[in-house]
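Structure at a glance
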Amino acid sequence: MTGTTEEEDPAATDLAERKMRFLFALRSRGVTDARVLNAMERIDRGLFVKGIFAERAYEDMPLPIACGQTISQPSVVGLMTQALNVSARDTILEVGTGSGYQAAILAELGRRVYTVDRYRRLVREASDLFRQIGLTNVTAMTADGSHGLPEQAPFDRILVTAAAEDPPGPLLHQLKPGGIMVLPVGQSDAVQSLIKVTRGANGFDYEELRPVRFVPLVEGLGSE
Ligand code: SAH
(Lines give C-alpha, C1' and ligand atoms only; values in the text may rest on other atoms or scores of the structure.)
Protein backbone atom coordinates (compact mmCIF):
# COMPACT_ATOMS: atom_id res chain seq x y z
CA MET A 1 0.00 0.00 0.00
CA THR A 2 1.16 3.50 -0.74
CA GLY A 3 0.31 6.85 0.72
CA THR A 4 -1.78 7.61 3.74
CA THR A 5 -5.51 7.57 3.46
CA GLU A 6 -7.78 9.06 6.06
CA GLU A 7 -8.74 5.57 7.20
CA GLU A 8 -5.13 4.94 8.21
CA ASP A 9 -4.67 8.20 10.05
CA PRO A 10 -6.69 8.25 13.27
CA ALA A 11 -6.10 11.96 13.88
CA ALA A 12 -7.39 12.91 10.42
CA THR A 13 -10.37 10.58 10.79
CA ASP A 14 -11.21 12.10 14.15
CA LEU A 15 -11.01 15.63 12.73
CA ALA A 16 -13.17 14.73 9.72
CA GLU A 17 -15.73 13.19 12.06
CA ARG A 18 -15.79 16.23 14.32
CA LYS A 19 -16.30 18.50 11.29
CA MET A 20 -19.16 16.29 10.11
CA ARG A 21 -20.82 16.46 13.51
CA PHE A 22 -20.28 20.23 13.47
CA LEU A 23 -22.26 20.55 10.22
CA PHE A 24 -24.92 18.17 11.48
CA ALA A 25 -25.37 20.27 14.65
CA LEU A 26 -25.77 23.41 12.52
CA ARG A 27 -28.50 21.77 10.43
CA SER A 28 -30.33 20.41 13.44
CA ARG A 29 -30.39 23.91 14.97
CA GLY A 30 -32.04 25.44 11.93
CA VAL A 31 -29.16 26.44 9.66
CA THR A 32 -30.60 25.04 6.46
CA ASP A 33 -29.46 27.52 3.77
CA ALA A 34 -27.11 25.55 1.49
CA ARG A 35 -24.88 28.54 0.69
CA VAL A 36 -24.41 29.31 4.39
CA LEU A 37 -23.67 25.67 5.19
CA ASN A 38 -21.15 25.47 2.34
CA ALA A 39 -19.40 28.62 3.55
CA MET A 40 -19.27 27.21 7.07
CA GLU A 41 -17.83 23.98 5.72
CA ARG A 42 -15.10 25.87 3.85
CA ILE A 43 -14.04 28.22 6.68
CA ASP A 44 -12.26 26.18 9.35
CA ARG A 45 -13.34 27.46 12.80
CA GLY A 46 -10.31 25.65 14.24
CA LEU A 47 -8.07 28.42 12.84
CA PHE A 48 -9.97 31.13 14.72
CA VAL A 49 -9.79 29.61 18.21
CA LYS A 50 -6.41 29.65 19.91
CA GLY A 51 -4.71 27.88 22.82
CA ILE A 52 -6.47 25.55 25.22
CA PHE A 53 -9.89 26.06 23.65
CA ALA A 54 -8.74 25.11 20.13
CA GLU A 55 -9.80 21.49 20.55
CA ARG A 56 -13.38 22.58 21.22
CA ALA A 57 -13.58 24.58 17.99
CA TYR A 58 -16.04 22.14 16.38
CA GLU A 59 -18.46 22.12 19.28
CA ASP A 60 -21.55 24.32 19.08
CA MET A 61 -20.57 26.73 21.83
CA PRO A 62 -19.13 30.22 22.19
CA LEU A 63 -15.47 30.21 23.28
CA PRO A 64 -13.12 32.79 24.83
CA ILE A 65 -10.75 34.72 22.54
CA ALA A 66 -8.20 37.47 23.29
CA CYS A 67 -9.14 40.82 24.93
CA GLY A 68 -11.81 39.17 27.10
CA GLN A 69 -14.12 38.69 24.08
CA THR A 70 -15.82 35.59 22.63
CA ILE A 71 -16.17 33.85 19.31
CA SER A 72 -19.90 33.30 18.86
CA GLN A 73 -21.66 29.95 18.94
CA PRO A 74 -21.50 28.43 15.43
CA SER A 75 -25.26 27.84 15.16
CA VAL A 76 -25.86 31.50 16.06
CA VAL A 77 -23.29 32.55 13.41
CA GLY A 78 -25.19 30.37 10.92
CA LEU A 79 -28.63 31.70 11.87
CA MET A 80 -27.47 35.32 11.76
CA THR A 81 -25.80 34.81 8.39
CA GLN A 82 -28.92 33.10 7.08
CA ALA A 83 -31.15 35.96 8.30
CA LEU A 84 -28.87 38.46 6.54
CA ASN A 85 -29.70 36.82 3.18
CA VAL A 86 -26.40 37.83 1.54
CA SER A 87 -26.08 37.92 -2.23
CA ALA A 88 -22.84 37.70 -4.22
CA ARG A 89 -23.06 41.41 -5.13
CA ASP A 90 -23.32 42.70 -1.58
CA THR A 91 -21.04 45.08 0.28
CA ILE A 92 -21.24 44.15 3.94
CA LEU A 93 -20.25 45.82 7.20
CA GLU A 94 -19.65 43.69 10.28
CA VAL A 95 -19.34 45.43 13.65
CA GLY A 96 -17.33 43.28 16.09
CA THR A 97 -14.54 41.44 14.25
CA GLY A 98 -13.55 39.42 17.32
CA SER A 99 -11.77 36.32 15.99
CA GLY A 100 -12.63 37.12 12.36
CA TYR A 101 -14.65 33.91 11.94
CA GLN A 102 -17.98 35.53 11.11
CA ALA A 103 -16.31 38.00 8.73
CA ALA A 104 -14.60 35.15 6.87
CA ILE A 105 -17.96 33.45 6.33
CA LEU A 106 -19.48 36.70 5.08
CA ALA A 107 -16.50 37.10 2.72
CA GLU A 108 -17.33 33.70 1.20
CA LEU A 109 -20.86 34.88 0.45
CA GLY A 110 -20.62 38.58 -0.44
CA ARG A 111 -18.56 40.75 -2.76
CA ARG A 112 -16.78 42.94 -0.21
CA VAL A 113 -16.66 42.83 3.58
CA TYR A 114 -15.52 45.52 6.01
CA THR A 115 -15.24 44.44 9.61
CA VAL A 116 -14.38 46.69 12.55
CA ASP A 117 -13.40 46.07 16.15
CA ARG A 118 -12.46 48.41 18.99
CA TYR A 119 -9.42 46.23 19.83
CA ARG A 120 -6.35 46.71 17.62
CA ARG A 121 -5.02 43.31 18.61
CA LEU A 122 -8.12 41.45 17.40
CA VAL A 123 -8.04 43.37 14.10
CA ARG A 124 -4.37 42.49 13.59
CA GLU A 125 -4.84 38.80 14.36
CA ALA A 126 -7.94 38.51 12.18
CA SER A 127 -6.17 40.27 9.29
CA ASP A 128 -3.30 37.79 9.55
CA LEU A 129 -5.75 34.90 9.35
CA PHE A 130 -7.57 36.36 6.33
CA ARG A 131 -4.21 36.62 4.55
CA GLN A 132 -3.25 33.10 5.60
CA ILE A 133 -6.39 31.56 4.10
CA GLY A 134 -6.27 33.76 1.01
CA LEU A 135 -9.40 35.86 1.62
CA THR A 136 -8.75 39.08 -0.29
CA ASN A 137 -12.23 40.67 -0.19
CA VAL A 138 -12.35 41.33 3.56
CA THR A 139 -10.73 44.28 5.34
CA ALA A 140 -10.51 44.53 9.13
CA MET A 141 -10.12 47.96 10.73
CA THR A 142 -9.83 49.35 14.22
CA ALA A 143 -12.80 51.62 14.83
CA ASP A 144 -15.75 52.25 17.09
CA GLY A 145 -18.40 50.50 15.05
CA SER A 146 -21.28 52.28 16.73
CA HIS A 147 -20.52 55.09 14.27
CA GLY A 148 -20.48 52.67 11.36
CA LEU A 149 -17.94 53.25 8.62
CA PRO A 150 -18.98 56.46 6.84
CA GLU A 151 -16.18 56.34 4.21
CA GLN A 152 -17.33 52.94 2.90
CA ALA A 153 -21.09 53.45 3.35
CA PRO A 154 -23.75 52.75 2.26
CA PHE A 155 -23.97 49.00 2.81
CA ASP A 156 -26.27 46.32 1.42
CA ARG A 157 -25.95 44.33 4.61
CA ILE A 158 -24.85 45.14 8.18
CA LEU A 159 -24.23 42.54 10.86
CA VAL A 160 -23.57 43.59 14.44
CA THR A 161 -22.10 40.96 16.75
CA ALA A 162 -22.19 42.93 20.02
CA ALA A 163 -25.38 44.00 21.79
CA ALA A 164 -26.60 47.60 21.86
CA GLU A 165 -29.65 48.85 23.74
CA ASP A 166 -31.12 50.09 20.46
CA PRO A 167 -30.01 49.90 16.83
CA PRO A 168 -27.33 52.65 16.53
CA GLY A 169 -28.60 55.57 14.40
CA PRO A 170 -25.48 55.82 12.20
CA LEU A 171 -25.84 52.13 11.25
CA LEU A 172 -29.48 52.58 10.24
CA HIS A 173 -28.41 55.61 8.26
CA GLN A 174 -25.64 53.67 6.44
CA LEU A 175 -27.99 50.92 5.27
CA LYS A 176 -29.01 51.11 1.59
CA PRO A 177 -32.70 51.14 0.67
CA GLY A 178 -33.65 47.47 0.45
CA GLY A 179 -30.76 46.69 2.80
CA ILE A 180 -30.86 44.35 5.79
CA MET A 181 -29.22 44.69 9.20
CA VAL A 182 -29.15 41.90 11.79
CA LEU A 183 -28.17 42.75 15.36
CA PRO A 184 -28.70 41.77 18.99
CA VAL A 185 -30.46 44.42 21.08
CA GLY A 186 -31.00 44.60 24.82
CA GLN A 187 -29.22 45.32 28.07
CA SER A 188 -25.85 43.63 28.44
CA ASP A 189 -26.07 40.44 30.49
CA ALA A 190 -29.86 40.49 30.40
CA VAL A 191 -31.82 38.67 27.74
CA GLN A 192 -31.21 40.17 24.35
CA SER A 193 -33.18 39.72 21.15
CA LEU A 194 -31.79 39.15 17.72
CA ILE A 195 -33.47 41.69 15.43
CA LYS A 196 -33.69 41.88 11.66
CA VAL A 197 -34.09 45.41 10.32
CA THR A 198 -35.09 45.89 6.67
CA ARG A 199 -34.90 49.32 5.11
CA GLY A 200 -37.92 49.83 2.88
CA ALA A 201 -38.88 52.77 0.69
CA ASN A 202 -40.83 54.38 3.53
CA GLY A 203 -38.82 53.47 6.58
CA PHE A 204 -37.57 50.57 8.63
CA ASP A 205 -39.26 47.26 9.30
CA TYR A 206 -38.28 45.38 12.48
CA GLU A 207 -38.58 41.63 13.00
CA GLU A 208 -37.66 39.87 16.23
CA LEU A 209 -35.90 36.56 15.52
CA ARG A 210 -34.82 34.84 18.74
CA PRO A 211 -33.29 35.40 22.19
CA VAL A 212 -29.48 35.59 22.16
CA ARG A 213 -26.60 36.59 24.41
CA PHE A 214 -23.72 38.72 23.14
CA VAL A 215 -21.00 40.84 24.72
CA PRO A 216 -22.01 44.52 24.88
CA LEU A 217 -21.29 47.10 22.22
CA VAL A 218 -18.90 49.46 24.02
CA GLU A 219 -18.10 52.98 22.89
CA GLY A 220 -14.55 54.12 22.14
CA LEU A 221 -11.44 52.08 21.33
CA GLY A 222 -10.04 49.29 23.53
CA SER A 223 -6.69 49.36 25.31
CA GLU A 224 -5.01 46.43 23.51
N1 SAH B 1 -17.96 38.27 15.28
C2 SAH B 1 -16.94 37.78 16.19
C3 SAH B 1 -17.38 37.72 17.62
C4 SAH B 1 -17.65 39.07 18.16
S5 SAH B 1 -17.50 39.30 19.90
C6 SAH B 1 -16.37 36.45 15.75
O7 SAH B 1 -16.79 35.91 14.72
O8 SAH B 1 -15.46 35.96 16.43
C9 SAH B 1 -17.93 41.02 19.88
C10 SAH B 1 -16.83 41.93 19.43
O11 SAH B 1 -17.38 43.23 19.34
C12 SAH B 1 -15.66 42.01 20.39
O13 SAH B 1 -14.47 41.66 19.76
C14 SAH B 1 -15.64 43.48 20.82
O15 SAH B 1 -14.35 44.01 20.98
C16 SAH B 1 -16.36 44.14 19.67
N17 SAH B 1 -16.96 45.43 19.97
C18 SAH B 1 -17.68 45.81 21.06
N19 SAH B 1 -18.05 47.10 20.95
C20 SAH B 1 -17.57 47.55 19.76
C21 SAH B 1 -17.62 48.80 19.08
N22 SAH B 1 -18.23 49.87 19.59
N23 SAH B 1 -17.00 48.89 17.88
C24 SAH B 1 -16.37 47.84 17.34
N25 SAH B 1 -16.28 46.64 17.94
C26 SAH B 1 -16.87 46.49 19.13
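Here the structure is a predicted model, which means the values were calculated and not measured. (Residues numbered from 1 in each chain as written. Predicted model: local features only at pLDDT ≥ 70, side-chain atom pairs only at ≥ 80, totals over all residues. Heavy atoms only, no water.)

**What to know about the overall build of the protein**
If you tally the helices and strands in the protein, you get 6 helices and 9 strands. Relative to the 2.2 N^0.38 estimate, which gives 17 Å for 224 residues, the radius of gyration of the protein is 17 Å and therefore close to what a compact globule would have. C-alpha atoms of the protein, sized along the principal axes, occupy 65 × 35 × 35 Å. Relative to its full complement of 224 residues, the protein shows a buried share of 49%. Across the protein, the fraction of contacts at a sequence separation of at least 24, relative to all contacts at a separation of at least 6, is 54%. (Helix = DSSP H or I, 4+ residues; strand = E, 2+ residues; numbered from the N terminus. Rg over C-alpha atoms; globule rule 2.2 N^0.38 Å. Buried < 20%, exposed > 50% of the residue type's maximum accessible area, 1.4 Å probe, protein only. Contact = heavy atoms within 4.5 Å.)

**Here's the deal with the pairing of strand β4 (residues 112–117)**
Among the 6 residues of β4, 5 are classified as buried, and the element is accordingly described as predominantly covered. Two strands pair when backbone bridges link them, and strand β3 (residues 91–95) and β4 are joined in this way by 5 bridges, in the parallel orientation. Each residue of the ladder has a partner; that of E94, found in β4, is T115. After leaving β3, the chain enters helix α4 (residues 101–109) and then returns to the sheet as β4, a path that is right-handed. Looking at chain direction, β4 and strand β5 (residues 138–142) are connected through 5 bridges and run parallel. Within the sheet, the bridge partner assigned to D117 lies in β5 and is T142. (Pairing = 2+ DSSP bridges. Right-handed = clockwise from strand over helix to strand, strands pointing away.)

**Focus: the environment of E41**
Locating E41 in the fold gives a position in helix α2 (residues 34–42). Taking the C-alpha atoms as reference points, E41 and F22, separated by 19 residues in sequence, lie 9.0 Å from one another.

**A short note on unusual backbone geometry**
Of note, the bond from A153 into P154 is cis; its omega dihedral lies within 30 degrees of zero at 5°. Summarising the element assignment, P154 is placed in the loop between β5 and β6 (155–160). The phi angle at C67 is positive, at roughly 60°, despite the residue not being glycine. Residues other than glycine seldom take positive phi values, yet N85 does so here, at roughly 50°. Tracing the chain through its elements places N85 in the loop between α3 (74–84) and β3. Here N85 falls in the partly exposed class, since its relative accessible area comes to 48%.

**With respect to the side chain of T97**
The residue T97 is located in the loop between β3 and α4 in this model. Here T97 falls in the buried class, since its relative accessible area comes to 4%. Discounting residues that sit within four places of it in the chain, T97 has contacts with T115, V116, D117, A126 and A140.

**Observations concerning the side chain of S127**
With respect to the helices, strands and loops of the structure, S127 is situated in helix α5 (residues 120–132). At a separation of 2.7 Å, a polar atom in the side chain of S127 contacts the main-chain carbonyl oxygen of V123. (Polar contact = N/O pair within 3.5 Å; in protein donor to acceptor, adjacent residues only side chain to side chain.)

**As for the nonpolar core**
Counting 50 residues, the largest nonpolar core has F48, L84, Y101, I105, F130 and V182 as its most contacted members. Contributions of two or more residues to this core are made by α1 (10–28), α2, α3, α4, α5, β5 and β7 (175–185). Here the element with the most residues in this core is α4; it accounts for 7 residues. Contact partners of I105, with chain neighbours within four places excluded, come to A39, M40, I43, V77 and T81. Within the second largest apolar cluster, 17 residues are counted, among which are L93, M181, L183 and V185. (Core = buried A, V, L, I, M, F, W, Y, C linked by side-chain atoms within 4.5 Å.)

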